[in-house]
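Here are the chains, one letter per residue:
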Amino acid sequence: MKKYWYVITSVIAVLGCFLYQFGIRAELATQKEKLIAEQKKYPEIYDVLNSMTIENFENEVSEKKELIVYVGRPTCQDCTEFEPKLIEMLKKYELQDKVEYLNVAQIRKDERDWENFKAKYHVEYTPAIVNFKEGKLVTMVNWTPEKGTEMEQFDNYLNNLKKQLLVSHI
């Protein structure tokens, strides 16, 4: 009878270890799926452009620094569809180190803050590329409700920007 208890106890122990290991593997698979999903949410734009906070943006505009800023947000479907094309254009015109990224997702959550931001900086829609000089918006290209994101407009804008930067450094 004692032998049976050893066998039964051993079988239960082995089954317990198997079930425990199976549970760990299932949990690892779940965690891996979550990680992959989170990685897909991470905007690639952060790998290409330096980013700035709203506070830094406001300070630099008030200090009358020249700024070229891509204004977007990961919560904007038009922005997420636009960004891979923007990255290609930035590389094409070698402007990655000239343009900064301003993620307005946080300010967009509060309608009053967003309305104040739009009124103060004249950035109505995202995605947008804006150029500030002497504390004022000089040029901009952006998505519009009527036309959406016209890639040719953005491409021409960046091409002209590249030409202006070349002329100003001669």
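This one's a predicted model, so the numbers in the text were calculated from it and none came from an experiment.

J.: What's the story with a nonpolar patch on the surface in this structure? I'm lost.
T.: Residues Trp5, Ile8 and Ile12 make up a contiguous nonpolar surface patch of about 340 Å² in total accessible area. Mapped onto the fold, Ile12 is located in helix H1 (residues 2–41).

J.: Looking at this structure, I do not really get the nonpolar core. What am I missing?
T.: Grouped burial of nonpolar side chains is what soluble globular proteins tend to show. Membership of the largest hydrophobic core comes to 23 residues, with the highest contact counts inside it found for Leu49, Tyr70, Leu86, Leu95, Ile129 and Leu158. Sorting the residues of this core by element identifies helix H2 (45–48), strand E2 (67–72), helix H4 (77–92) and helix H7 (151–168) as the ones contributing at least two each. Formed by 17 residues, the second largest nonpolar core is a distinct cluster that contains Met52, Val61, Tyr121 and Val123.

J.: Would you take a moment to explain the sheet that holds strand E5 (residues 136–142) for this structure?
T.: The pairing of strands in a sheet comes from backbone hydrogen bonds and takes either a parallel or an antiparallel form. Read from one edge to the other, the open sheet built from five strands follows the order E1-E3-E2-E4-E5, with strand pairing classed as mixed. Only two strands of the sheet have a single neighbouring strand rather than two, namely strand E1 (50–52) and E5. The sheet shows a mean angle of 30° between the axes of neighbouring strands, direction not considered. Running over the sheet, H4 touches E2, strand E3 (100–103) and strand E4 (128–133) and is turned about 140° from E2.

J.: Mind showing me how you'd approach unusual backbone geometry here?
T.: At the junction of Thr126 and Pro127, the peptide bond is cis and its omega measures out at 0° in the coordinates. Structurally, Pro127 can be placed in the loop between helix H6 (111–121) and E4. In this model, His122 sits at a positive phi of 60°, which is unusual for a non-glycine residue. Looking at where His122 falls in the secondary structure, it is placed in the loop between H6 and E4. Residue classification places His122 among the partly exposed positions, given a relative accessible area of 48%. If you check the backbone angles, Glu134 has positive phi at about 55° while not being a glycine.

So, how was this worked out
Throughout, a residue's number is its position along its own chain's written sequence, starting from 1. Note on the predicted model: pLDDT of at least 70 is required for a residue's local features to be given, and 80 or more for side-chain atom pairs to be given and counted; whole-chain, interface and lining totals, by contrast, use all residues. The side-chain numbers reported here are obtained from all heavy atoms of the structure, hydrogens and water having been left aside. Grouping into patches uses exposed residues only, defined as over 30% relative accessible area, and leaves out salt-bridged ones; the cut-off is 9 Å for like charges and 5 Å for nonpolar side chains (Val, Leu, Ile, Met, Phe, Trp, Tyr). Only the protein chains shown count as cover for residues, with accessible areas throughout obtained via the Shrake-Rupley method and a probe of 1.4 Å. By salt bridge we mean one thing: a side-chain nitrogen of Lys or Arg within 4 Å of a carboxyl oxygen of Asp or Glu. The helix and strand labels rest on DSSP assignments: H or I over at least four residues marks a helix, E over at least two residues marks a strand, and numbering proceeds from the N terminus. Definition used in this section: a nonpolar core is a set of buried Ala, Val, Leu, Ile, Met, Phe, Trp, Tyr and Cys residues joined via side-chain atoms within 4.5 Å. Relative accessibility decides the category of a residue: with a 1.4 Å probe and only protein chains considered, values under 20% of the type maximum give buried, values over 50% give exposed, and everything between is partly exposed. The rule for pairing is simple: two strands pair if DSSP sees at least two bridges between them. Note on geometry: axes are lines fitted to C-alpha atoms, helical ones only across the stretch in contact, with angles between N-to-C directions running from 0 to 180 degrees. The contact criterion used is simple: two residues touch if any of their non-hydrogen atoms lie within 4.5 Å.

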